[in-house]
Amino acid sequence: MTTDLGFWTLQALNALQLSMLLFLLSVGLTVIFGLMHFVNLAHGALYALGAYFAASFAAIWGYWAAFLLAPVAVAGVGVLLYSGFIQRMRKSGPMAQVLVTFGLIFVLLDLTRIVWGDLPLAIEVPAMLGGRLAFLGVEYPTYRLFIIVLGLVVLAGLAFVLGRTQIGAMIRAGVDNDEMAACLGINVERLFFCVFCVGCALAGLAGAVAAPLLSVSPDMGLQILIPTLIVIVIGGLGSLKGAVAGSLIYGFVQTFGAVLAPQLSSVLIYALLAAVLVIKPVGLFPAKG
Amino acid sequence: MLETRNLDKSFGAVHVTRDVSLKLERGERRVILGPNGAGKTTLFNQLVGELTPDSGTVNLAGEDVTALPVAKRARQGLSRSYQKNTLFDGLTVEENLGLAAAIHTGNATTLWSDSLGKAEVREIVKDVANQVDLMPFLHAKVSQISYGVRRQLEVGVALATRPLVLLMDEPTSGVGPEMAKGFHDLLNNLPRDLTLLIIEHDMDLAFDVADTITVLNYGEVVFDGLPDAARGSDLLKEIYLGSWEDA
Amino acid sequence: MFHHTPFRYAALVLLASGALFQAFTAQYFGLEILTEILILAMLVLALDMVAGFGGMVSLCHGALMGVGAYGYAVLSTTAGLTPPVAMAAAVGITAGISWVIGAICSRSHGIYFIMATLAFGQMAYSYVFEAPIFGGDDGLGGIERLDLSFIGVDLNDTRTFALFCLVTLAAMYGLAVMILRSGLGRSFSGVMHNEQRMRALGLTVWRIKADVFGLSGMIAGVAGVLAAQHIMYISPGLMAWTVSGEALVVVILGGLGTLVGPLVGAAVFVVLKHELSSLTTYWHLIVGVILIGVVMSRANGIFGFIENSFAARSKTTEINPKAMEVTKDA
């Protein structure tokens, strides 16, 4: 085992970058769940869509246009999903929701294959963020640092919106008790709709920023789904704090597990999840006691 | 038979049970009176183990059961009915009683035979159905019987575990005065050696059944004695009737 | 609590005669499809037992089947046990693991239960994927079928193996019915109806859940052993969570909590998959649309739908509406 500090810094940065990507994905999913008690398994498929939109837009207008437009396009898909399915499934139990959104995974996956084909697409890292940056004594890819910074900016933004603004207070009231919130004159339906769209946009954003790191392929949504679910279940459904904690735990356990105990790395995170569920069946920081 | 010593429970800043000590002899029928929010149901939940007290002990038949989980206490003879019907809705009256009787007779986990077919289970089901006037409804589903009959079944299911002590949380909650009276006759006809602890809202009805009365107010025992003394007690009138009229 | 109605008996007779007809008349490809249906039917039978009658919506049953398959493969090849011993041991191991998972997850409900079982399934999947003894990504080959030549039965014959699977499925169906109609099964559905009350009546709820989950895992293990013998080669793909997801889809397509419905669902699903995949590579799209349609229509699957309309017309048999409530409330 190496004692080189730079090596560990590098691993920590890798872990942080993975955490931030997962945070972008999981925060939308968890807040949607907290507010609407809705489990959207198709969230991963929205991330894949974000990557595909980004690839298409980047090919025409370049990376930054894609970075801005992909989340908007995914939010647009979110609007369709919401009015088509989600709204109607609101009052159903988790099992029906899991199944409908499981069906949506199939549908969205094949739709991306029909539109974009089976071959993976690639998208270039923008010139501005290419290369490496000296940071904490190591050379680290600028683009990955950009993802970390982006995650932190989104986190700060959401913490501000949720904690300090009127709309945040409304969301917190809704998570706490949606009937009560409705009694207080909050238009809960509209609130749900907005939160759902923002959640979708964040999933699209995650897809767009992940696209240059990985190849954009139809099953990338399916691959990211399980880690995202682990994050929100470990963290506790419904809370920003839970999404942050879950993302960090996943990112660090996965990255350092692969370095320290390669044979066990893949089992480790599932064992951790099982342990959390046994000790605290509702996750570490659930929105409600 | 059932004894609590200095039970204490708070939820945050709200002190729901204050230093409650009760002692029920075998066969005693005690009614707990008290205004809404006096902590009656919270006390029940601590007695059966659905809530853990912050301090104090619960003794059942001479044994300290404070640390035992709900199911173990139930198997040692502590049964309860709920203020809000807690039945097996898709099943018939017979099946509802049968599930409870199967647990009591140790047939709830058998793999080789159906519990409801066992003679000892059938016998308990029949006995209990007679005790709480459910015979005509045995094969009806819970969804097909009236609210009043469901209240009877609620008590019946609790009885089908053949308990030593039965805790009843407002058995007549939601039924009309006439039916409530009939309900109390039914309670009066239960075996004399069964210890009963009943939460009741209506004072007059309470006096029908009670050997002894306990009055709770703000989680504290403010009266503990015979019904006659309770009837004459100014303290009771002040606390209980005052808030009764408000409610 | 499971009840056989005349309608369900009729459906069973119809299914059995269809399977027998297929088994005796079909050619190689038809027999392969039949065997695939029978094995899937066994898996979804196991899943319906816990999901439909106890509200334990498991996303690890595919992995449990994989445990049975890998258990048999390793024990019969690497460990050199004779097939019957390896089969029994593999099924026993699957039941044991399943019991432990059931016990651990018994405190979780709703979405947390689904996630917890998913976690355990994925844990098994990752472990098999990594561990050299299980052949990793390459899988394991050279798996032998059970040797029944001493009674003159050659399971290496495709037709005979299909019939063998059919007989096993019938036995597992009988076992599932027996479990559900026992005192244990009764308590299990009591827990689904009202867990708090069962506990207050003195039932050790986690034990009931673990026991039935273990028995369900045992049936999934049998399905796994047969799956390994069928293809004679296994790969970790067998244990992926999507297999469990598909099993759940089949249960829902067929009719949750009807036991007969999932068998219908298995037949429909496999045939649909083969027909559609020969027409288009986008067959998942169609399956997805059907699934969404079925769930959103609020009918209890194909079988549940037919059963309910049949009951509504004849008004003689009573249908347990509980299964639908599970779909809504689980």
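Before reading on, note that the structure itself is shown above.
Figured I'd write up the structure that's included with this text.

Rules used in this analysis
Residues numbered from 1 in each chain as written. Chains lettered and ligands numbered in written order. Predicted model: local features only at pLDDT ≥ 70, side-chain atom pairs only at ≥ 80, totals over all residues. Heavy atoms only, no water. Helix = DSSP H or I, 4+ residues; strand = E, 2+ residues; numbered from the N terminus. Rg over C-alpha atoms; globule rule 2.2 N^0.38 Å. Pairing = 2+ DSSP bridges. Contact = heavy atoms within 4.5 Å. Axes fitted to C-alpha atoms, helices over the stretch in contact; angles between N-to-C directions. Salt bridge = Lys/Arg side-chain N within 4 Å of Asp/Glu carboxyl O. Buried < 20%, exposed > 50% of the residue type's maximum accessible area, 1.4 Å probe, protein only. Parallel < 35°, antiparallel > 145°, perpendicular 65-115°, else oblique. Left-handed = near helix turned anticlockwise from the far one by under 90°. Polar contact = N/O pair within 3.5 Å; in protein donor to acceptor, adjacent residues only side chain to side chain. Nonpolar A, V, L, I, M, F, W, Y, C, P; charged D, E, K, R; others polar. Phe/Tyr/Trp six-rings, centres within 6.5 Å; stacked < 30°, edge-to-face > 60°. 1 Å grid on protein atoms, 1.4 Å probe; cavity = no way out; pocket = protein on both sides within 12 Å on 5 of 7 lines; lining within 4 Å. Points joined across faces, edges and corners; volume = space filled by probe spheres on them. Patch = residues over 30% accessible without salt bridge, like charges linked within 9 Å, V, L, I, M, F, W, Y side chains within 5 Å. Areas by Shrake-Rupley, 256 points an atom, 1.4 Å probe, with all protein chains shown as cover. Buried area = accessible area lost by both parts, 1.4 Å probe. Core = buried A, V, L, I, M, F, W, Y, C linked by side-chain atoms within 4.5 Å. Domains from an automatic or database assignment.

This brings us to the overall build of chain C. For chain C, the count of helices and strands is 14 helices and 0 strands. Written out in order from the N terminus, the α and β elements of chain C read α-α-α-α-α-α-α-α-α-α-α-α-α-α. Its C-alpha atoms give chain C a radius of gyration of 19 Å, near enough to 20 Å, the size a compact globule of 330 residues would have. Along the three orthogonal principal directions, the C-alpha set of chain C runs to about 50 × 45 × 40 Å.

Turning to the sheet that holds strand 1 (residues 2-11) of chain B, a few remarks are in order. All names here are of chain B. Within the open sheet, the 4 strands sit side by side as 2-1-4-5. Their pairing is antiparallel. Two strands in the sheet have a free side with no partner beyond their single neighbour: strand 2 (14-24) and strand 5 (63-64). Examined bridge by bridge, strand 1 and strand 2 share 7 bridges and lie antiparallel to one another. Across the sheet, Leu2 pairs through a bridge with Leu24, a residue of strand 2. Sitting on the sheet, helix 1 (residues 40-48) touches strand 1, strand 2 and strand 4 (55-60), and the angle it makes with strand 1 is about 120 degrees.

Another aspect to go through is the pattern of salt bridges. Residue and element names in this part refer to chain B. As enumerated under the stated definition, the model contains 22 salt bridges over all chains in all. Among the salt bridges present, the one from Asp169 reaches Arg80, with a minimum N-O distance of 3.7 Å. Pair noted here: Asp169 is in strand 7 (residues 165-169) and Arg80 is in strand 6 (residues 78-81), with a separation of 89 residues, a long-range link. Classification of Arg80 by relative accessible area gives buried; the value is 3%. A salt bridge links Asp208 to Lys181; the nearest nitrogen and oxygen atoms lie 3.7 Å apart. Note that Asp208 is positioned in helix 7 (residues 203-209) and Lys181 in helix 6 (residues 177-188), a separation of 27 residues in sequence. Judged by relative accessible area, Asp208 falls into the partly exposed class, the value being 31%.

Let us now look at the packing of helix 2 (residues 28-54) of chain C against helix 11 (residues 260-279) of chain C. All names here are of chain C. Where helix 2 meets helix 11, the axes come as close as 8 Å, and the angle between the chain directions of the two elements is 140 degrees. Classified by the angle their axes make, helix 2 and helix 11 are oblique. Seen from above, helix 2 lies across helix 11 with right-handed handedness. For the pair helix 2 and helix 11, the contacting residues are Phe29, Ile33, Glu36, Ile37, Leu40, Ala41, Val44, Leu45 and Asp48 in the first and Pro262, Leu263, Ala266, Ala267, Phe269, Val270, Val271, Lys273 and His274 in the second.

Let us now look at the interface of chain C and chain A. Each side of the interface is counted separately: chain C has 43 residues, and chain A has 44 residues. Our count for the chain C to chain A interface comes out at 0 salt bridges. On the surface where chain C and chain A come into contact, there are 6 residue pairs in polar contact (both at pLDDT 80 or more). When residues of the side of chain C that touches chain A are traced back to their parent elements, those giving at least two are helix 5 (110-130), helix 10 (241-254), helix 12 (283-297) and helix 14 (322-329) of chain C. For the side of chain C that touches chain A, the element with the most residues is helix 5 of chain C, which contributes 14 residues. Tallied by class, the residues present in the side of chain C that touches chain A amount to 27 nonpolar, 10 polar and 6 charged.

The next point concerns unusual backbone geometry. Not every positive phi belongs to a glycine, and Ala61 of chain B is a case in point at roughly 50 degrees. Tracing the chain through its elements places Ala61 of chain B in the loop between strand 4 and strand 5. Even without a glycine there, the phi angle at Met232 of chain C is positive, about 65 degrees. The topology assignment puts Met232 of chain C in the loop between helix 9 (205-231) and helix 10. Residue class for Met232 of chain C comes out partly exposed when judged on its relative accessible area of 31%.

A full pass over the atoms with the stated rule returns 27 aromatic pairs over all chains. Considering the side-chain rings of Trp8 of chain A and Phe256 of chain A, the 5.9 Å spacing of their centres and the 10 degrees angle between planes classify their relative orientation as stacked. With a gap of 248 residues between them, Trp8 of chain A in helix 1 (residues 5-36) and Phe256 of chain A in helix 10 (residues 240-260) connect regions that are remote in the sequence. For Phe256 of chain A, a relative accessible area of 17% gives the class buried. Ring geometry for Tyr70 of chain C and Phe134 of chain C: centres 5.5 Å apart, planes at 90 degrees, overall edge-to-face. You can see Tyr70 of chain C sitting in helix 3 (residues 61-76) and its partner Phe134 of chain C sitting in the loop between helix 5 and helix 6 (158-180), a full 64 residues away along the chain. What makes Phe134 of chain C buried here is its relative accessible area of 16%. Grouped by ring-pair contacts, the aromatic residues Tyr52, Phe53, Phe57, Trp61 and Trp116 of chain A constitute a single cluster.

All right, on to the layout of surface pockets then. Computed from the structure, the largest pocket encloses a volume of approximately 1,100 Å³. Lining the largest pocket are 39 residues, with Met220, Leu222, Gln223, Ile224 and Pro227 of chain A positioned closest to its centre. Among the secondary structure elements, those contributing two or more residues to the lining of the largest pocket are helix 1, helix 4 (94-116), helix 9 (220-235), helix 10 and helix 11 (265-279) of chain A together with helix 5 and helix 10 of chain C. Top element by residues in the lining of the largest pocket is helix 9 of chain A. It accounts for 6 residues. When its residues are assigned to classes, the lining of the largest pocket shows 23 nonpolar, 12 polar and 4 charged.

Residue and element names in this part refer to chain A. A cluster of nonpolar side chains, namely Ile60, Trp61, Leu68 and Leu69, defines an oily patch on the protein surface of about 450 Å² accessible area. Of all the elements in the fold, those that place two or more residues in the nonpolar patch are helix 2 (43-61) and helix 3 (63-89). Judged by relative accessible area, which is 59%, Ile60 ranks as exposed.

Further remarks concern the interface of chain B and chain C. Across the contact, 35 residues belong to chain B and 27 residues belong to chain C. Roughly 2,500 Å² is buried in total at the junction of chain B and chain C, and carbon and sulfur atoms are behind 59% of that figure. Looking at the side of chain B facing chain C, the largest losses of area belong to Phe88, Ile103 and Leu111 of chain B, adding up to 22% of the total buried there. Where chain B packs against chain C, one counts 3 salt bridges. Of the charged contacts in the structure, one is a salt bridge between Asp114 of chain B and Arg186 of chain C, with a shortest N-O distance of 2.8 Å. Summed over the shared surface of chain B and chain C, the number is 14 residue pairs in polar contact (both at pLDDT 80 or more).

With that settled, the discussion passes to the nonpolar core. Val209 of chain A together with Leu97 of chain B are the most contacted members of the largest nonpolar core, which totals 274 residues. With 18 residues, helix 2 of chain C is the largest single contributor of residues to this core. Two domains each provide a minimum of three residues to this core, namely domain 1 (1-77 + 163-247) and domain 2 (85-162) of chain B. Setting aside chain neighbours within four positions, we find Val209 of chain A in contact with Leu21, Leu24, Tyr63, Phe67, Tyr143, Phe146, Ile147 and Leu150 of chain A. Of all hydrophobic cores here, the second largest spans 20 residues; its members include Leu43, Val48, Leu167 and Leu197 of chain B.

Let's shift gears to the pairing of strand 4 of chain B. Residue and element names in this part refer to chain B. Alignment of strand 1 against strand 4, held across 5 bridges, turns out to be antiparallel. Note on strand 4: the bridge partner recorded for Arg5 is Thr57. Alignment of strand 4 against strand 5, held across 2 bridges, turns out to be antiparallel. Across the sheet, Leu60 pairs through a bridge with Glu63, a residue of strand 5. Hairpin geometry of strand 4 and strand 5 is characterised by an intervening segment of 2 residues between the two adjacent antiparallel strands and by a positive phi of about 50 degrees at Ala61.

Another aspect to go through is the packing of helix 3 of chain A against helix 5 (residues 142-164) of chain A. Angle between the axes and distance between the axes: these two values describe a pair of packed helices. Residues and elements named next belong to chain A. The interhelical angle for the contact between helix 3 and helix 5, taken along N-to-C directions, is 30 degrees, at an axis separation of 16 Å. For the element pair helix 3 / helix 5, the angle class is roughly parallel. As for how helix 3 packs across helix 5, the hand of that crossing is right-handed. Between helix 3 and helix 5, the residues in contact are Tyr63, Trp64 and Phe67 and Tyr143, Phe146 and Leu150, respectively. By residue class, the composition of the contact of helix 3 with helix 5 is 6 nonpolar, no polar and no charged.

Take the sheet that holds strand 3 (residues 29-33) of chain B next. Neighbouring strands of a sheet are bound in pairs by backbone hydrogen bonds; such pairs are parallel or else antiparallel. Residues and elements named next belong to chain B. The 6 strands lie next to each other as 6-7-8-3-9-10, forming an open sheet whose pairing is mixed. In this open sheet, the two strands that pair with only one neighbour each are strand 6 and strand 10 (220-225). The sheet shows a mean angle of 15 degrees between the axes of neighbouring strands, taken without regard to direction. In the sheet, strand 3 pairs with strand 9 (residues 212-217) via 4 bridges, with the strands oriented parallel. Within strand 9, the position partnered with Arg30 by the bridge is Thr212.

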